[in-house]
Amino acid sequence: MDLVRHLYYFTVVAEERHFGNAAVRLGMAQPPLSQRIKRLEEELGARLFDRSARQVRLTEAGRLLLPEAREVVARVERLRELVRHGEARTLKVALPPDLGATAIAALVARFREESQGLRLAPAEMWTADQVGALSEGLIDVGVVRHPVTAPGLRFGQVLVQTPGVLLAETDPLTEGSSVHLQDLAGRELLLFPQEGEPGAHAETLSDCRRNGFVPVEVHHGIGLGLVLAGSAVAFGSEVSLPGVVWRPLLGSPLAWRVSTAWRVETPEVAAFAATAVRTLKESAGMTDEGAAPVRQVRRRPAMGFLA
């Protein structure tokens, strides 16, 4: 068990006195947070919180632990700061796993070219994990999906990605040049994980329901095997993959908001944020938030496909 990380989660719950609020602050779902607090209690052999339907209170053991936990977390953070100063020429960045190999490669290559002498250490993380890693100083900057609630974090320019739909090449919907969300009724959906992208996950499903698509089942992951098999559809950027066909969604009903995020701004972080904006526009088809297509979706006629 990562004791320091679990102690950090404990201090946040102790400060919020509410598991739901603490989960929002940490950028994660409530069940995993409760499980980690339970794991810490098992590790220490003591109950740390009295839980009721209305409130969460520290036990006597929890009150005794809180100042010590804060000191441990603070000391580890100071050690990390010392190490970061010793590796000032290394920038630790995190990117969404489903950003796409082309976009990730272009971003890494462009930054290395423009920031010679600075070593880039990229990792793939979902937004919720990035929020925790930024708060704990494990990474310097990330690329996250909004909405994000994380006090203490700063965000770069917000870009908008308007995803299309990925279909099996045998799907009848590939016969048209665009797809209405309502046309996907009765299908299963492959989407990024709810725990990793809680805000974007909820917004995406809400937009789907509002436009006539309620998935029969929602699968989570980034592999397109279910799409290839014709068992599900997925949303995302255009890809070149045998057996998969991409089509734009009529009226741009989905809009994923993306930006860089950091806790401490340095010249290296600012340089990466600027490079990310340029590269994501060119390689991932994202646009400035103010220039994103207006989402105007009319209901699909009862018969036929739009060409």
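Throughout what follows, the structure given in this document is the object of discussion. (Residues numbered from 1 in each chain as written. Predicted model: local features only at pLDDT ≥ 70, side-chain atom pairs only at ≥ 80, totals over all residues. Heavy atoms only, no water.)

A separate point is unusual backbone geometry. For the bond from histidine 146 to proline 147, the omega torsion is 5 degrees, close enough to zero to count as cis. One can find proline 147 in the loop between β5 (141–145) and β6 (154–155). In this structure, arginine 17 takes a positive phi of about 55 degrees despite not being glycine. Counting through the fold element by element, arginine 17 comes out in the loop between α1 (3–16) and α2 (19–26). Notably, serine 252 is not glycine yet its phi reads approximately 50 degrees, a positive angle. Residue position: serine 252 is located in the loop between β12 (244–247) and β13 (256–262). Note on serine 252: relative accessible area 19%, which makes it buried. (Helix = DSSP H or I, 4+ residues; strand = E, 2+ residues; numbered from the N terminus. Buried < 20%, exposed > 50% of the residue type's maximum accessible area, 1.4 Å probe, protein only.)

Our focus in this paragraph is the pattern of salt bridges. Note that side chains of opposite charge can pair when their charged atoms are close. Applying the stated criterion across every chain yields a total of 19 salt bridges. Here glutamate 15 and arginine 70 are joined by a salt bridge, their closest N and O atoms 3.6 Å apart. On the criterion of sequence distance, the pair formed by glutamate 15 in helix α1 and arginine 70 in helix α4 (residues 60–86) is long-range, its members being 55 residues apart. Here aspartate 288 ties to lysine 281 by a salt bridge, and the two come within 2.7 Å at their closest N and O atoms. Look at aspartate 288 and you get partly exposed, because its relative accessible area is 27%. Looking at lysine 281, the relative accessible area reads 32%, which means it is partly exposed. Overlapping salt bridges, with partners in common, bring together Glu15, Glu16, Arg25 and Arg70 in one network. (Salt bridge = Lys/Arg side-chain N within 4 Å of Asp/Glu carboxyl O.)

Inspection of the secondary structure puts threonine 174 in the loop between β8 (164–168) and β9 (189–191). Here aspartate 171 takes part through its backbone oxygen, which lies 2.7 Å from a polar atom of the side chain of threonine 174. In this structure threonine 174 touches Leu167, Ala168, Glu169, Val245 and Arg247, once residues within four positions along its chain are discounted. (Polar contact = N/O pair within 3.5 Å; in protein donor to acceptor, adjacent residues only side chain to side chain. Contact = heavy atoms within 4.5 Å.)

Ordered by their spatial adjacency, 5 strands build an open sheet running β10-β9-β11-β8-β12, and the pairing between neighbours is mixed. Edge positions in the sheet fall to β10 (218–220) and β12, since each has one partner strand and no second. The average angle at which neighbouring strand axes cross in this sheet is 35 degrees, direction not considered. In the sheet, β9 pairs with strand β11 (residues 233–236) via 2 bridges, with the strands oriented parallel. What sits directly across from leucine 190, in β11, is alanine 234. The sheet contacts of helix α7 (residues 198–210) involve β9, β10 and β11, and relative to β9 the element is tilted by about 155 degrees. (Pairing = 2+ DSSP bridges. Axes fitted to C-alpha atoms, helices over the stretch in contact; angles between N-to-C directions.)

For α7, spanning 13 residues, the distance from its first C-alpha to its last is 18 Å, which sits close to the expected 18 Å at 1.5 Å a residue. By the burial criterion, the buried members of α7 are Gly199, Ala200, His201, Thr204, Leu205, Asp207 and Cys208. Against β5, β9, β10, β11 and β13 lie the buried residues of α7. Phi turns positive one or two residues past the end of α7, at glycine 212, with a value near 90 degrees. (Expected span 1.5 Å × (residues − 1).)

By secondary structure assignment, the location of alanine 109 is in helix α5 (residues 101–114). The partly exposed category is assigned to alanine 109, whose relative accessible area is 46%. Taking the C-alpha atoms as reference points, alanine 109 and valine 76, 33 residues apart in sequence, are found 32 Å from one another.

Pairing of strand β3 (residues 90–95) with strand β4 (residues 119–124), which is carried by 6 bridges, proceeds in the parallel orientation. Pairing of threonine 90 across the sheet is with arginine 119, part of β4. Traced from β3 through α5 to β4, the parallel crossover comes out right-handed. (Right-handed = clockwise from strand over helix to strand, strands pointing away.)

These values are about where atoms sit, not about what they do.
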